[in-house]
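# Architecture and fold: a report
Residues per chain, in single letters:
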Amino acid sequence: MVAGSGAVRVAVLGCGVVGTEVVRLLTQQGADLAARAGAPLELVGIAVRDVAAPRDQVVDRALLTSDAESLVDGADVVVEVMGGIEPARGLILRALRGGASVVTANKELLGKDGPTLYAAADEAGVDLYFEAAVAGAIPIVRPVRESLAGDRVTRVLGIVNGTTNYVLDQMTSGGLELGEALAQAQELGFAEADPTADVEGHDAAAKAAILASLAFHTRVSVAQVHREGIMAVTADDIARATATGHVVKLLALAERSGDGVVVRVHPALVPQEHPLASVRGSFNAVFVQAEAAGELMFYGRGAGGVPTASAVLGDVVTVARHKVNGGKGPIESRYAQLPARPVSDAVTRYQVVLRVEDRPGVLAQVWQAVAERGVSIETISQSRAEDDGEYADLQMVTHAATDAALSSTVSDMSELSVVVDVLSVLRVEGV
Ligand SMILES: NC(=O)C1=CN([C@@H]2O[C@H](COP(=O)(O)OP(=O)(O)OC[C@H]3O[C@@H](n4cnc5c(N)ncnc54)[C@H](O)[C@@H]3O)[C@@H](O)[C@H]2O)C=CC1
Ligand SMILES: N[C@@H](CC=O)C(=O)O
Ligand code: NA
């Protein structure tokens, strides 16, 4: 419960893209937030690296401090939006152990070491909320953690990284190079401080681990997530996708597989008519399949300071209400303890493009290599290779099979003497 004046003392750690917008909402919406929380939310300080650095004018410079520890010690609610592992982790633990509730947007930390933080919150009897950590403004953590607590989730599939969705979209519709589109995403405040976290899939993998943990009541760490980023996606992949009625998206998937779960992040072809194909720019979308609810879709802005601040403030109001009225949000639910299965167990489909010698009998050899692995082909087409009359390009899409069978098939095909090169291998999802 709140002591003294009755105001809830809020400390903000980090004043970058998200922190500045959190400060703006706390400052400009004070009266509404107080009415909703049941007490004024008093911004008691903002921890920054450099108190002298230029700031947006909404930031009251008198509140800036480089002493984050003292700030944490005097707060009822700590908002961590500095990112990274340390000192964020130490400060969050200090806050929780000192009796403050914590709101964080830090998926990297939750994906790596969430259980330590959940345990500290549980032991101290305070809240740890993190709606902003997955898919920005979209309410997805709370629906999965609370609204679906009475159901059995079977699959989570979505676009959970705004930067890579923006980049792939710009490559598809604007014809931009990856580097050029990434620079724009950085400028717009979508990218992580180190954008390799976005383009190499680490950010999406952390979010997938968080979602899988919540959906399956199981601890899933980022190390258990199969991860491929978008750096290998070429302009040719995108052109081929368009020609065959697909869009390339970086997907996060978490699904039950036998008695376990498979969690994976990778680029995939999505049919143009699938709702995920129309998720443009920095928007995100998550499909959740649950046994009783059926299919649910969550859509909205997945990145950017202002949308993310909305999710942060929603959590701040919730934990402040608990400080004012008593009560507490849910603790970590991990009773199911489903084992993490490798990506080789996932059932998917591949689109493979081979450069082959352009002579009779080639198709039969390729077909046989596929059949020997128990895989079957749904569509196959052949075109003359643009750069050399001796070769042809074979483009095929398989029926569903395990990732193990499909990758072995590609490996076998690449060994055939008639196969000159494997030009592209992409999974196909959402069919
Ligand atoms: N930008 C976005 O669209 C979203 C970001 N997030 C998460 O929100 C967090 C913040 O992200 P951004 O605001 O975009 O990053 P940012 O890099 O713009 O801001 C972080 C700020 O924290 C400060 N900081 C870092 N270490 C500090 C320390 N030891 N003491 C004091 N200040 C320190 C930095 O100087 C910087 O100003 C990250 O965890 C990020 O993953 C989550 C959802 C969306
Ligand atoms: N860098 C992240 C920010 C939000 O989580 C993204 O692009 O999605
Ligand atoms: Na969210």
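All values reported here derive from a predicted model rather than from experimental measurement.

## A word on the UniProt feature "active site" (unreviewed entry) in the chain
Taking the numbering used here, the UniProt-annotated feature "active site" (unreviewed entry) corresponds to Lys 207. Mapped onto the elements of the fold, Lys 207 is located in helix α10 (residues 202-216). Non-local contacts of Lys 207, meaning those with residues more than four positions away in its chain, are made with Lys 107, Ala 133, Val 134, Ala 135, Val 160 and Asn 161.

## So, helix α2 (residues 30-37)
In an α-helix there are 3.6 residues to a turn, and that puts residues three or four apart on one side. Listed in full, the buried residues belonging to α2 are Leu 33, Ala 34 and Ala 37. Along the axis of α2, the buried residues cluster in a sector spanning 100°; they form a single face. Opposite the packed face of α2, turned more than 90 degrees from it, sit the exposed residues Ala 31 and Ala 35. For α2, the secondary structure elements touched by its buried residues are α1 (17-28), β2 (41-47) and α12 (305-325). One or two positions beyond α2, positive phi appears at Gly 38, with a value near 95°.

## Some words on the pairing of strand β4 (residues 77-80)
Burial along β4 is two-sided: Val 77 and Val 79 facing one way and Val 78 and Glu 80 facing the other are all buried. Pairing of strand β1 (residues 8-13) with β4 involves 4 bridges; the strand directions are parallel. Looking at β4, one finds that Val 10 is bridged to Val 77. As defined by bridge partners, β4 adjoins strand β5 (residues 101-104) across 4 bridges and the pair is classed as parallel.

## Describing the nonpolar core
In this structure, Val 78, Phe 130 and Ile 140 are the most contacted members of the largest nonpolar core, which totals 76 residues. Looking at this core element by element, the count peaks at 10 residues for α10. Setting aside chain neighbours within four positions, we find Ile 140 in contact with Glu 131, Val 134, Ala 135, Leu 211, Val 286, Val 288 and Phe 298. In terms of nonpolar packing, the next biggest core, distinct from the first, is built from 33 residues, Cys 15, Ala 37, Val 103 and Ala 320 among them.

So, how was this worked out
Residues numbered from 1 in each chain as written. Chains lettered and ligands numbered in written order. Predicted model: local features only at pLDDT ≥ 70, side-chain atom pairs only at ≥ 80, totals over all residues. Heavy atoms only, no water. UniProt positions renumbered as here; feature names shortened; annotations may be inferred. Helix = DSSP H or I, 4+ residues; strand = E, 2+ residues; numbered from the N terminus. Contact = heavy atoms within 4.5 Å. Buried < 20%, exposed > 50% of the residue type's maximum accessible area, 1.4 Å probe, protein only. Arc of directions from axis to C-beta. Pairing = 2+ DSSP bridges. Core = buried A, V, L, I, M, F, W, Y, C linked by side-chain atoms within 4.5 Å.

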